[in-house]
Amino acid sequence: MTGRKTPSFERQRRTWGTLTYSYNRCALIITPEDSATVDFAVGDVREFACMALKSSTSETPTAKEQRLVEALLAWLTKNRTVATTEASVLALNSTVAKVLRDSAVRWNSADLFLKTLEGCGLDQCIKVAGIDVLLSGYRSFDWGIFKAVYSEILSKTMSITLRARLIDDILATGQSDSDVLSWCETQKELALDTFQKLDVSGIDWIMKVVQSKQDPTDYLRTVLIPRLHSVQPYNLQVWAALLTYVEKCPSESPAWTGTEHLEIIRACLGRVASEMPPYRTAKQKTYSNPPYTLVPTVDPILSILELGTRFNCFQVCLPLLHNMFLQRERQKTAHPKRPPNEYYSALVPKVEKFLQAKPELSQFLEPFFSQAASVLLSSNSTLTTFTQELRTALLRSRDAIKILQTFLTADRVKALVAGQGVSLKYLSTFMSENLRSQADSSESLTTLQGMLKLCLTGMIGSFNQSSLTNYYRSNDGIELLTHCFTLQLSSDVDQVLARFLALPLSNEPGYIQNGLVSLLKHLPKFLTTQQLSLLDAPFSTFAAEIAKKFVRYTIGTRPSQVVSLRELQAVGCGCEPCRTSLVPFLTNDLPKVDIRVTAATQTHLEHQLMFAKKWGFTWTTIRQGTLQVVKPQRMIDVGRWAGAQTRGYAFLGLLGDDQQQRQILGSDYVWVTGTIAGTATPPALPLETQANGTKRGPDASSGQSKKPRLS
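From a predicted model like this one, the values you see are computed outputs, not experimental measurements.

What counts and what doesn't
- Residues numbered from 1 in each chain as written.
- Predicted model: local features only at pLDDT ≥ 70, side-chain atom pairs only at ≥ 80, totals over all residues.
- Heavy atoms only, no water.
- Pairing = 2+ DSSP bridges.
- Helix = DSSP H or I, 4+ residues; strand = E, 2+ residues; numbered from the N terminus.
- Axes fitted to C-alpha atoms, helices over the stretch in contact; angles between N-to-C directions.
- Polar contact = N/O pair within 3.5 Å; in protein donor to acceptor, adjacent residues only side chain to side chain.
- Contact = heavy atoms within 4.5 Å.
- Expected span 1.5 Å × (residues − 1).
- Buried < 20%, exposed > 50% of the residue type's maximum accessible area, 1.4 Å probe, protein only.
- Phe/Tyr/Trp six-rings, centres within 6.5 Å; stacked < 30°, edge-to-face > 60°.
- Lys NZ or Arg CZ within 6 Å of the ring centre and 35° of its normal.

Asks: I'm lost on the sheet that holds strand 7 (residues 626–630) in this one. Help?
Replies: The strands making up a sheet associate through hydrogen bonds between their backbones, and the pairing can be parallel or antiparallel. In spatial order, the strands read 5-7-6; together these three strands make up an open sheet with antiparallel pairing. Because the sheet does not close on itself, it has two edges, and the strands there are strand 5 (592–596) and strand 6 (618–623). Geometrically, the sheet is characterised by an average inter-axis angle of 25 degrees between neighbouring strands, direction not taken into account. Pairing of strand 5 with strand 7 involves five bridges; the strand directions are antiparallel. Note on strand 7: the bridge partner recorded for D594 is Q628.

Right, here's the structure in full:
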């Protein structure tokens, strides 16, 4: 064994693997015929054959060399298909073709050269063998033998760039007679008429041929461009390069006159835009099988728009955007995994960025944004998110009001109220702040106002009254009132206030004290921001309703036996135990209190309590050091009344001074203030309404609450 290379070991499992030895010369392997434990393979003789033929100087092939040639021809035939996709195999085939070419030239064997070309594949011959191999054959062999073969090679070569290079290189050899020159001119014509692929690099050559025509504009319009439309209709890089060349033709050739070149560019770009499928895909690499997946791409659309701007014919590109809208249903049905809304979501921000650089084109793209808004809304029926793409489309559209009117139905508002989408507040704020500028007629303004009112009505109906008593959401009421003014629907404020006063919750003392009164405290500050006051309707009516409910359900009536606060406070002597423990208990509404004291302090407190014994107070020592004082029920009522009266006077202060209180309360001023003072009682409720807010009478079973009137 000679020339052994470094061995390699590949582990397949923890306990075993494969040890491989490779040799670049020769090896002698002796193994039993029936052995199943040893595997070996002998590779092809390509490398050896190439080395042997390269080093040969024979003028005629020997038998051994003939076998090596046959082996290399077999290699070419076997691998020519793989060579078109794998660069490594293409390089090996090219090497083999050159070795066979050299051998054919040395042996003057036209037959071997022909077999070499056939082995490479006539359709891939230029790519696999290379231009220099074909040029060597042209120089070395009779042209009459290979003329037809070269013609077939050119006709089967898809790339016009490769065809052009071969033709030009043959002409550049300087060995061309009239027959060859005629053949080259014919092949140029055929290249223009029959090419299957045009690269950007081939534009210069093909346009030089066009320029040589007697009427280049007519040839370009009737032959070249239709051909390119048929074989590469959507290769925008090629179209851009071709049209760029056409644009500068008048400055390079007198054959171009007037504005013919501009008309050609406009017609060409317009046809591309009209015929290009708007819903294109791109390959995205994956790590599975297949190794890629198709994903939506809008880059071709943007490229068309940029070309229209570049060549000053933007309007001819707009059919592509219109076709995108017309074909949306077909796309949705044919490719449900790539729906139209995905394309619009990707395209809207790119077109917006495009317009920022070219604002003068906004009038042409307004229909696109209207269509985009329509598609994005229809695909998002519950409006789960109000995306930036949808926002941009609506802002750029002149028909945003009509589009939203179709979308914003009563049922959809109910769904949004139920929390199935963006908030009505966000949606209505967007419409009010951004779409009023589009309301250029009384009809559109009425439509917008109707949608805003629909949203506000939904917000009012879904408002959670109990949130007013929640410390973390106590500002919800003021925010809803603020939203009315934001939407310029101040006339609907009375509906909001009526919602706050909705029965039966508004008759519950806890809701009144912690919800309505708390709201009333913040209301004057809010009204100041709107240049209003609590004296303005319907806020004055709302404040009066709260006052009446507050007095009726939280103040109560004055007890029959009333001991003045001064008399109760006089029981204490002013010392710290009396001031901090005894007197506060005597004046509140607690039924009893346990006071921890020393013996001396207890004796003192018992002495002071003797002055309160006449009102029914009792006391006892429940354990050593603890004095328990018990209050009778009538004195509990007195303490409760004192606290309620204090709260009542504090509430009246929320309404302003006495004059403002009279203006707000009107005829109810007498009994409201009288009830707080203890000189009057609340009037009886109407017969149809109980104190808890439920109905009496024949329809009492309906269970429906009645909202108070605010105006």
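Still more to cover.
Asks: Can you walk me through the side chain of Q465 in this structure?
Replies: Among the structural elements, Q465 can be located in the loop between helix 23 (442–461) and helix 24 (476–486). Of note is the side chain of Q465, whose polar atom sits 3.3 Å from the backbone oxygen of R499. Discounting residues that sit within four places of it in the chain, Q465 has contacts with R499, F500, L501, A502, L505 and Y511.

Asks: Help me understand helix 9 (residues 178–194), please; the structure alone is not making it clear to me.
Replies: At 3.6 residues per turn, the α-helix brings residues three or four places apart onto the same side. A rise of 1.5 Å per residue sets the reference length of helix 9, with its 17 residues, at 24 Å; its end C-alpha atoms lie 24 Å apart and thus fit the reference within 8%. Buried within helix 9 are the following residues: V180, W183, C184, Q187, K188, A191 and L192. Looking at the buried side of helix 9, the elements it contacts are helix 6 (131–140), helix 7 (143–156), helix 8 (160–172), helix 10 (203–211) and helix 11 (216–231). The backbone nitrogen of D179 has a side-chain oxygen 3.1 Å away, supplied by the residue at the start of helix 9, namely D177.

Asks: Would you mind going over the packing of aromatic side chains with me for this structure?
Replies: Any pair of aromatic rings gets described here by the distance separating the centres and the angle formed by the planes. Applying the stated criterion across every chain, the model contains 20 aromatic pairs. Measuring from ring centre to ring centre gives 6.4 Å for F146 and Y150, while their planes differ by 65 degrees; the resulting arrangement is edge-to-face. Of the two residues, F146 and Y150 both sit in helix 7, four residues apart, roughly one turn of that helix. Y150 matches F146 in its accessibility class, with the two residues each being buried. Here the aromatic residues F113, Y138, F141, W143, F146, Y150 and W183 are joined through ring pairs into a cluster of three or more. Positioned above the aromatic ring of W75, the side-chain terminus of R46 is 5.3 Å from the ring centre. Sitting over the ring of F195, R227 keeps its end group 5.8 Å from the ring centre.

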